[in-house]
Amino acid sequence: MSTRTWVVMIVLLTINWGGFIAALLYSLTRKEK
Amino acid sequence: MKGQETFSSRWGLIAAGLGMAVGTGNLWRFPRIAAQNGGAAFLIPWMVFLFTWSLPLLIAEFAIGRGMRRGVVGSFTRLVGPRYAWMGGWVAVVTVMILFYYSVVTGWTLKYLVASLTGELRGVEPGEYWSAYVESGWGPVLFHVIAALLGGFVILQGVVKGIERANKILIPSLFVLLIVAAVRSVSLPGAERGLEFLFNPDLSSLAHYRTWLEALSQSAWSTGAGWGLILTYGMYLRRTDDVVLNSTTIGFGDHSASLLAGMAVLPAAFAILAPAEAMDAMRAGNVGLMFIWIPQLFARMPGGDVFQAIFFLALFCAALSSLIALIELATRVLMDAAVPRRPAVALVTGAVIVFGLPSALSQSFFANQDWVWGVGLMISGLFIALAATMYGQARFRTELVEGDADDLRVGRYYEWALKYLVPVQFAMMFSWWMYQAASWDPEGWWNPFHVENVGTCLLQWGVALALLLLFNRRMAAASIREEPEAQA
């Protein structure tokens, strides 16, 4: 697999899964006002 | 409203929201459409439209549901006045028409799960097996009825014991199964060809308007934005639940599930099939890919029986969790009209069984309904944005979206997105699909009795709109009637 494919795959997975996991963790742990 | 149930936990709410959003479209449409539109190049506009169409509408739906504490019709009545109840009625009609055939789809996934577990698919020619199944009549009807009863049973238990509990099981299972399927797929010899296809961007595709419009349509259909389902779940939010945060979690969760599905399907297809055959599979349509090509892939894969069962279990979890949300939307509309939950669920389940029968018995009828109401959803999305704008987009943001208990703020961009971005995207997407439909059927584009054209949409939408406008006053009054007793 080309370097370009690796880079794009890692970037896209990081943005989507990173966004999902970050939002999920924040949702589950935030302190209610 | 007395005895109003709310989600009992943040995780329960997120699981229900993800269950609504992640459906069969993530597994059977996303990989196909991404493969046909430049792979990673398609993923760029697909991510852009998460922020310009899907998230603004998901946020609007949650905010309307939480603020108005009614189902779709009652929420529109309260938000923009009884004169516009028909707009909420439109959202409800479109989603309920989808519910009728989605129960059939859930039945197909259950049938293939059972067939995978019993080894019935072993050694058969998948195309012939599928044709024999759908043409048998009783087979699709039986599984459609089972799916409708299963969904109805969950909704009968209420929000916490039904929707929340079922999704707490279905959603983690779905993600684990998709991860297992994706790991198996990418570890096949030759899988890198599929990964290249999905992740090596053909940037020239970005110059084609088709890539952008397909990406927008996929985002709109996949995330469930504009369907009225999150609006319905929104009325079960606690005042302290954050609207923007939960919408973001659901939007990114839906995209993450789509990427996993792409990694489960495309590498396996390109590892096992010749490149031309793999592209044929991607062009075979949703049903063709899922029920004809996928069994062929697993038949040629070492350990394919086990992974086929895992794949169809994931597909069934995705379908059932979405079916549950669809049934709740219809049930809630009746409950707002003072029908208690138990008879409301019985009425809805009965209607699903009866009105789903034509789609269970005829592939042409199914294709017609999928086309007409799939495009109708875009109008639903527009109506939700219009309702927020009619309420006053600044007031909508400050009063309903950014409450005192909300951590995340959307700022002025959000008002602009609702007022301009969503309508402009709707106009582009809607006119493109109508233009395409006219080109599919150049001679008879106007004929309302053709399966997929402009005429059939205009006739069915026209009938729905005429009835909604005719009964608008009565519908508006019924939609905000107080329940006679606490409903759990």
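Heads up: the structure comes first, above all this text.
Residues numbered from 1 in each chain as written. Chains lettered and ligands numbered in written order. Predicted model: local features only at pLDDT ≥ 70, side-chain atom pairs only at ≥ 80, totals over all residues. Heavy atoms only, no water.

J.: Help me understand the overall build of chain A in this model?
T.: A count of helices and strands for chain A gives one helix and zero strands. Expressed along its principal axes, the backbone C-alpha trace of chain A runs to roughly 50 × 10 × 10 Å. Counting over 33 residues, chain A shows a buried share of 36%. Approximately 2100 Å² of chain A is accessible, and the part contributed by carbon and sulfur atoms is 74%. (Helix = DSSP H or I, 4+ residues; strand = E, 2+ residues; numbered from the N terminus. Buried < 20%, exposed > 50% of the residue type's maximum accessible area, 1.4 Å probe, protein only. Areas by Shrake-Rupley, 256 points an atom, 1.4 Å probe, with all protein chains shown as cover.)

J.: Explain the environment of Glu196(B) to me, please; I cannot follow it from the model alone.
T.: For Glu196(B), the position within the fold is in helix α10 (residues 191-199). A C-alpha to C-alpha distance of 8.7 Å links Glu196(B) and Pro267(B), two positions 71 residues apart in sequence. Here Glu196(B) is in contact with Met1(A), Ser2(A) and Thr5(A), once residues within four sequence places are set aside. Here the side chain of Glu196(B) touches Thr5(A) through a polar contact of 2.8 Å, side chain to side chain. (Contact = heavy atoms within 4.5 Å. Polar contact = N/O pair within 3.5 Å; in protein donor to acceptor, adjacent residues only side chain to side chain.)

J.: Honestly, the packing of helix α4 (residues 40-68) of chain B against helix α13 (residues 243-272) of chain B in this entry has me stumped. Any pointers?
T.: Angle between the axes and distance between the axes: these two values describe a pair of packed helices. All names here are of chain B. Running from N to C, α4 and α13 point in directions that differ by 140 degrees, and their axes come no closer than 9 Å. Comparing their axes, α13 and α4 come out oblique. Read as a crossing pair, α4 and α13 show a hand that is right-handed. Residues Leu43, Trp46, Met47, Leu50, Phe51, Leu55, Leu58, Ile59, Phe62, Ala63 and Arg66 of α4 form the contact with α13, whose own contacting residues are Val243, Val244, Asn246, Ser247, Thr248, Ile250, Gly251, Phe252, His255, Ser258 and Leu259. A breakdown of the residues in the contact of α4 with α13 according to their chemical character gives 15 nonpolar, six polar and one charged. (Axes fitted to C-alpha atoms, helices over the stretch in contact; angles between N-to-C directions. Parallel < 35°, antiparallel > 145°, perpendicular 65-115°, else oblique. Left-handed = near helix turned anticlockwise from the far one by under 90°. Nonpolar A, V, L, I, M, F, W, Y, C, P; charged D, E, K, R; others polar.)

J.: Before we go on, may I ask you to explain the packing of aromatic side chains in this structure?
T.: Think of a pair of aromatic rings as described by two things: how far the centres are apart, and how the planes are tilted against each other in angle. In total, this model carries 38 aromatic pairs over all chains according to the counting rule given. Judged by centre distance (5.7 Å) and plane angle (70 degrees), the ring pair of Trp17(A) and Phe20(A) falls under edge-to-face. Pair noted here: Trp17(A) and Phe20(A) are both in helix α1 (residues 3-29), with a separation of three residues, about one helical turn. Since its relative accessible area comes to 19%, Trp17(A) is described here as buried. Three or more aromatic residues joined by ring pairs form one cluster here, namely Trp28(B), Tyr101(B), Trp108(B), Tyr112(B), Tyr129(B), Trp130(B), Tyr133(B), Phe291(B), Phe298(B), Phe311(B), Phe312(B) and Phe366(B). (Phe/Tyr/Trp six-rings, centres within 6.5 Å; stacked < 30°, edge-to-face > 60°.)

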